[in-house]
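Listed here are the chains, written in short residue letters.
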Amino acid sequence: MQIRDKVVVVTGGARGIGAALCRSFQTEGAKAIVVSDIDAAGTDAVAKEVGGLAFAANVANEPEVQALVKKATETYGRIDIFCSNAGIIVDGGLDVSDAEWQRIFGVNYFAHLYAARAVIPQMIAQGGGYLMNTVSAAGLLTQIGSAPYSVTKHAALALAEWLSVTYGDQGIRVSALCPQGVRTDMLLRHEGNFLMEGSVPPEHVANTVMKGIATEEFLILPHPEVRDYFQRKGSDYDRWLRGMRRLQSRVMDASGAIKNVKE
């Protein structure tokens, strides 16, 4: 899909990857950019920067996602590309409370489901459209130190696959963005995190997304090595699990916290 003259919605657009996506869509000549985030002030700032429409919303709340889609459609007549990009992380494993599991599922999984429910019918009616769902390399692999992040990202990837299979012949294109370390607030809050090595700026991710949408790739991989890791996982699952356990022992301390690699 060519981006020029398209109407684009970006959630999680106030900062990080989302803000970089908005700027790249502007550069690529999108007709209109709808910026959405739970951070109203940040949403307004990015929308003003790219000449777009600001719409503050909590993507874990389905009526708010429906309202976002309705507003974008009423304003511009259609939605061509919907970037379901918002995401959060919760550290921990079996000790994480049910409330925190429900919170992260709301943002990392149900937000993608709510977006698909809201926008796919109109995309089919207009002859096609594009869903670009920000997942993570954790959806293909796993996330050391965070069971909730790993599980919700696997679920998000599974949904993206299903949407592509189910609606691809009706003109709906789907991409799953699966980066490793990206220098956003989520990563920078964990100074010394092992993912800092090899991390990339949000602008690199956004540029990779522009190319991925243009070629309609399902897996968009700002870190090309992730494809190799995924292939190794599929070719010898047990060997891959042993390797991940070795990595875990290297990067986590006895308490189960990620070590500061500067130590």
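Nothing here was measured: the structure is a model prediction, and the numbers come from that model. (Residues numbered from 1 in each chain as written. Predicted model: local features only at pLDDT ≥ 70, side-chain atom pairs only at ≥ 80, totals over all residues. Heavy atoms only, no water.)

Engineer: Looking at this structure, how should I read the packing of aromatic side chains?
Structural biologist: Describing an aromatic ring pair means giving the distance of the ring centres and the angle of the ring planes. All told, the structure shown has six aromatic pairs when counted by the stated rule. A centroid spacing of 6.3 Å and a plane angle of 80 degrees characterise the contact between Phe105 and Tyr109, whose relative ring orientation is edge-to-face. Pair noted here: Phe105 and Tyr109 are both in helix H4 (residues 98-125), with a separation of four residues, about one helical turn. Exposure remark for Phe105: the relative accessible area of 23% places this residue in the partly exposed category. On the accessibility criterion, Tyr109 (18% relative accessible area) is buried. (Phe/Tyr/Trp six-rings, centres within 6.5 Å; stacked < 30°, edge-to-face > 60°. Helix = DSSP H or I, 4+ residues; strand = E, 2+ residues; numbered from the N terminus. Buried < 20%, exposed > 50% of the residue type's maximum accessible area, 1.4 Å probe, protein only.)

Engineer: Just to check I follow, could you spell out a positive patch on the surface for this structure?
Structural biologist: Where like charges cluster on the molecular surface, the positive patch consists of Arg232, Arg239, Arg242, Arg245 and Arg246. Structurally, Arg239 can be placed in helix H10 (residues 237-251). (Patch = residues over 30% accessible without salt bridge, like charges linked within 9 Å, V, L, I, M, F, W, Y side chains within 5 Å. Areas by Shrake-Rupley, 256 points an atom, 1.4 Å probe, with all protein chains shown as cover. Salt bridge = Lys/Arg side-chain N within 4 Å of Asp/Glu carboxyl O. Lys, Arg positive; Asp, Glu negative; His and termini not counted. Charge placed at Lys NZ, Arg CZ, Asp CG, Glu CD.)

Engineer: Where do I start with the sheet that holds strand S6 (residues 172-177) in this structure?
Structural biologist: Pairing between the strands of a sheet comes from backbone hydrogen bonds, and it takes one of two forms, parallel or antiparallel. One open sheet accounts for seven strands, arranged S3-S2-S1-S4-S5-S6-S7; its pairing is parallel. The two strands at the open ends of the sheet, each matched to only one other strand, are strand S3 (53-56) and strand S7 (219-220). Bridge count for strand S5 (residues 129-134) against S6 is six bridges, and the pairing is parallel. Bridge pairing in S6 places Leu131 opposite Val174. (Pairing = 2+ DSSP bridges.)

Engineer: Looking at this structure, I do not really get the environment of Arg103. What am I missing?
Structural biologist: For Arg103, the location among the structural elements is in helix H4. Linking Arg103 and Val90, residues 13 residues apart in sequence, is a C-alpha distance of 9.1 Å. Setting aside chain neighbours within four positions, we find Arg103 in contact with Ile88 and Val90. A polar contact is formed between the side chain of Arg103 and the side chain of Glu100, at a distance of 2.9 Å. (Contact = heavy atoms within 4.5 Å. Polar contact = N/O pair within 3.5 Å; in protein donor to acceptor, adjacent residues only side chain to side chain.)

Engineer: How should the nonpolar core be read in this particular structure?
Structural biologist: As a rule of thumb, soluble globular proteins bury nonpolar side chains together. In this structure, Ile79, Phe82, Leu131 and Leu140 are the most contacted members of the largest nonpolar core, which totals 45 residues. Breaking this core down by element, the ones donating at least two residues are helix H3 (62-76), H4, helix H5 (137-140), helix H6 (147-167), S6 and H10. No other element matches H4, which puts eleven residues into this core. For Phe82, the contacting residues outside a window of four places in its chain are Val9, Thr11, Leu68, Val69, Ala115, Val119, Met123, Tyr130, Leu131 and Met132. In terms of nonpolar packing, the next biggest core, distinct from the first, is built from 29 residues, Phe25, Ile33, Leu177 and Val200 among them. (Core = buried A, V, L, I, M, F, W, Y, C linked by side-chain atoms within 4.5 Å.)

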